Amino acid sequence: MKQSVMTISWLVYLCALISLLCPAHSDSVTECSGFPRENYIKQLYVVSEQSNVKLKCDTSNSGGGYFLWQSSTTGAKYSGIYTEDDSNNKYAKEGEGADSSLVLGKVTKEMTGFYCCKTYSANFITQSVSMVYAVLVLPDNFKPSLRASPEGAVDENAQVTLTCENPPEAKLSDSIVPTIEWKLPRSLTPPSPPTSEYTYNAKGVINDKEFQCALKYQLTAGPREFLSNPVSGSVKFGPTMLDARSTDNSEAVVVELGKARTIDCVFAGNPKIDPKDTSFYWTKVPLLSKEGEEEVLDQCATENSLSPVESIKADLDVELVPTSSSNGSTTTFSLTIKNFEKNDAGCYTCHFGQLERSFNVIDMYVP
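What counts and how
Per-chain numbering applies: the sequence of each chain, read as written, is numbered from 1 onward. Residues qualify for local features only when their pLDDT is at least 70, as the model is predicted, and side-chain atom pairs are given and counted only at 80 or more; totals for whole chains, interfaces and linings, by contrast, use all residues. Only hydrogens and water are set aside when side-chain values are computed; all heavy atoms of the structure are taken into account. Grid points spaced at 1 Å over the protein atoms alone were grouped into cavities, where a 1.4 Å probe fits but cannot get out, and pockets, open sets with protein on both sides within 12 Å along at least five of seven lines, with lining residues defined by an atom within 4 Å of a point. Grid points are joined across faces, edges and corners, and a volume is the space filled by probe spheres set on the points. Here a helix means four or more residues in a row that DSSP labels H or I, a strand means two or more in a row labelled E, and each is numbered from the N terminus. In this classification, the charged set is Asp, Glu, Lys and Arg, the nonpolar set is Ala, Val, Leu, Ile, Met, Phe, Trp, Tyr, Cys and Pro, and all remaining amino acids, among them Gly, are polar. Paired strands, as defined in this entry, are two strands with at least two bridges between them according to DSSP. Helix axes use the C-alpha atoms of the stretch in contact, all axes being lines fitted to C-alpha atoms, and the angles between their N-to-C directions lie in the range 0 to 180 degrees. Only protein chains enter the area calculation, which uses a 1.4 Å probe; residues under 20% of their type maximum are buried, those over 50% are exposed, and those in between are partly exposed.

Asks: Just to check I follow, could you spell out the layout of surface pockets for this structure?
Replies: Gaps left between atoms show up when a probe the size of a water molecule is rolled over them. Space inside the largest pocket adds up to approximately 260 Å³. Lining the largest pocket are 14 residues; nearest its centre among them are Asp277, Thr278, Phe280, Tyr281 and Pro322. Counting only elements with at least two residues in the lining of the largest pocket, the list comes to strand 18 (280-286), strand 19 (310-312) and strand 20 (320-327). Of the residues that constitute the lining of the largest pocket, the class distribution is seven nonpolar, four polar and three charged. Its volume calculated, the second largest pocket comes out at about 210 Å³. Contributing to the lining of the second largest pocket are 14 residues, with Asp208, Phe237, Gly269, Asn270 and Ser329 lying nearest its centre. When the residues that make up the lining of the second largest pocket are grouped by side-chain class, the tally is three nonpolar, nine polar and two charged.

Structure follows, in structure tokens:
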């Protein structure tokens, strides 16, 4: 008799397990394919490919019995049995030990979707959806794309439109999409509410300032934010002399005999000034005096018909060496006077278009 009871018990268990795995009634696990509904989603996981995700099924209200996981994307089912008082009776699932969790190992893009856990009471009468998780698998080094239209340098006050492109793989469903957040220079105000496009009027103050957008997911196990590629503001302006970065010319440039001295003229422009621009050049007016008069100590501030203007070129005088270089948006034109002698004194001027800067270079021992 005892053996018959045990046989019947095992038959009941077997029939129950078959009905769990292959349900025929309408209130079955196939309902999971009808998700998501935001109020059912326990958590959103946004992860990179090849990472591991562990989903926990809440069995606290079921009284011990069975659980079943299903993927709404692939339809795959993972089932087992649990008891509240004896963890050793649990059936292990793929890649997981004796608990009601589901581990997704080394996830791929194809595993993006919704995973629901259904719990059943021990007598198989009560059935309910306990947990729904959303899993979004993104490529490694994922970032949204930010582009500007028009691209490159634009005229002052021109309208520039930035578009933050939300790629299809960043969207889990029509209702679960990331929000867009704009990272802008301080002088600009982000749109409210946030949109995928942002238009601004180009001003010189945004030159070399970076723009970025970010995709943010709200229902995550931890905050996740994905920054786009940076786009730099670029407004055209003509060559400008940067007085503060050029050699000071408010007083004479005093050089000791036999020493070397470099004087700089620094310019900014957008597009950037080419260091090899042939429209830039140096000139020198020697420090001379009229017959019968004292030597003129500031050749830059006087007219002296006996002092011709000399053009300085690298191949004409090895002691006067013009060079040029660029750094970011600035270009520096330099002139180095090697082994300074008395006849090197005079007025040196850099010329670039209509821009000029003169330097009164004198011997430090001039009385």
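Asks: Got a minute to help me understand the sheet that holds strand 21 (residues 330-337) in this structure?
Replies: Picture the strands of a sheet paired through backbone hydrogen bonds; they go either parallel or antiparallel. Strand order in the open sheet formed by four strands is 15-17-21-20, and the pairing between neighbours is antiparallel. Taken across any chain shown, the strands that pair with only one partner, and hence form the sheet edges, are strand 15 (237-241) and strand 20. Geometrically, the sheet is characterised by an average inter-axis angle of 20 degrees between neighbouring strands, direction not taken into account. The sheet contact formed by strand 20 and strand 21 spans eight bridges and is antiparallel. Following the sheet pairing, Pro322 is matched in strand 21 by Leu335.

Asks: I keep staring at the sheet that holds strand 11 (residues 197-201) and nothing clicks. Help me out?
Replies: Strands sit in the order 8-9-11 across an open sheet of three strands; the sheet is antiparallel. Here the strands that pair on one side only, and so sit at the sheet edges, are strand 8 (145-149) and strand 11. Across this sheet, the average inter-strand angle for adjacent strands is 20 degrees, counted without regard to direction. Relative to strand 11, strand 9 (residues 159-165) runs antiparallel, the two being bridged by five bridges. Note on strand 11: the bridge partner recorded for Leu162 is Tyr198.

Asks: What should I look at first to understand the pairing of strand 12 (residues 210-217) in this one?
Replies: If a strand is regular, its side chains alternate between the two faces of the sheet. Of all eight residues that make up strand 12, six are buried, and the element is covered over most of its length. Across five bridges, strand 10 (residues 179-183) lies against strand 12 in antiparallel orientation. Bridge assignment links Ile180 to a residue of strand 12, and that residue is Leu215. Pairing of strand 12 with strand 14 (residues 231-232) involves two bridges; the strand directions are antiparallel. Its bridge partner being in strand 14, Glu210 is matched across the sheet by Ser232.

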